[in-house]
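# Reading the structure
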Amino acid sequence: DVAMSNDDDVRRLALALPETEERTAHGTPAFYVGKKMFARLHEQPEVLVCWRADMGEREALLQGEPEIFFTTPHYDGYPSVLVRLGRISNPRLGEILQEAWEARATPGIRRDA
């Protein structure tokens with residue numbers, strides 16, 4: 001059985017991305033590239049809020065892997081998804097965080113990465 005992810009994995013994987021720093025947003029740890037947040041730990045335990053490049057990417061995840069990705073009415077209209085950390089492997093979490101980082105990083109930061 002593949003080991004699933006937790007808050008510590010989120011922190012380790014997010015902070016490994018270039019020019020990422022951890023701050024607090026809405027009372028929980030959040031990860032920023034430049035001035036833009038790309039992921040944050042949700043108030044609900046073992047849940048991550050993660051940005052996507054656009055609504056199409058968001059819908060693809062929600063429909064393709066509903067056991068991992070979900071949303072709530074609060075996020076309607078926003079290109080972000082909620083991730084069940086207990087159901088996602090570290091390699092997949094790393095991919096999702098990398099994509100979120102790319103969606104939010106400025107062209108200059110992406111170019112230097």
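Note: the structure precedes this text.
Cut-offs applied
- Residues numbered from 1 in each chain as written.
- Predicted model: local features only at pLDDT ≥ 70, side-chain atom pairs only at ≥ 80, totals over all residues.
- Heavy atoms only, no water.
- Helix = DSSP H or I, 4+ residues; strand = E, 2+ residues; numbered from the N terminus.
- Rg over C-alpha atoms; globule rule 2.2 N^0.38 Å.
- Buried < 20%, exposed > 50% of the residue type's maximum accessible area, 1.4 Å probe, protein only.
- Contact = heavy atoms within 4.5 Å.
- Areas by Shrake-Rupley, 256 points an atom, 1.4 Å probe, with all protein chains shown as cover.
- Lys, Arg positive; Asp, Glu negative; His and termini not counted.
- Charge placed at Lys NZ, Arg CZ, Asp CG, Glu CD.
- Pairing = 2+ DSSP bridges.
- Core = buried A, V, L, I, M, F, W, Y, C linked by side-chain atoms within 4.5 Å.

Time to look at the overall build of the chain. A tally of helices and strands in the chain yields 4 helices and 6 strands. From first element to last, N terminus to C terminus, the chain shows the α and β order α-β-β-β-β-α-β-β-α-α. In summary, the chain has a C-alpha radius of gyration of 13 Å against a globular reference of 13 Å for 113 residues, a match within 12%. Overall size of the chain, expressed as C-alpha extent along the three principal axes, is 35 × 30 × 25 Å. Here the chain, with 113 residues, has 42% of them falling under the buried criterion. Taking all contacts inside the chain whose residues are at least 6 apart in sequence as the whole, residues at least 24 apart take part in 49%. Entry remark: accessible area of the chain is about 6000 Å², with carbon and sulfur atoms responsible for 51%. For the chain, the separation between the mean place of its 14 positive charges and that of its 19 negative charges on side chains is 5 Å.

Moving on: the pairing of strand β6 (residues 80–84). Along a regular strand, successive side chains alternate from one face of the sheet to the other. Where burial is concerned, most of β6 is hidden: 4 out of the 5 residues are buried. Examined bridge by bridge, strand β4 (residues 47–51) and β6 share 5 bridges and lie antiparallel to one another. Considered in β6, the bridge of Leu 48 is made with Val 83. In this structure, strand β5 (residues 69–70) lies alongside β6, joined through 2 bridges in antiparallel fashion. Paired with Phe 69 across the strands is Val 83, a residue of β6.

What follows concerns the nonpolar core. Phe 38, Leu 48, Cys 50, Phe 69, Val 83 and Leu 97 are the most contacted members of the largest nonpolar core, which totals 25 residues. Going through the elements one at a time, α1 (7–15), β2 (28–33), β3 (36–41), β4, α2 (55–64), β6 and α3 (90–104) are the ones with two or more residues in this core. When sequence neighbours within four positions are dropped, the list of residues in contact with Phe 69 reads Leu 61, Leu 62, Val 81, Leu 82, Val 83, Arg 84, Ile 88, Arg 92 and Ile 96. Counting residues in each nonpolar core, the second largest holds 10 residues, with Ala 30, Met 37, Trp 51 and Tyr 75 among its members.

Scope: geometric values only; no functional claims are made or implied.
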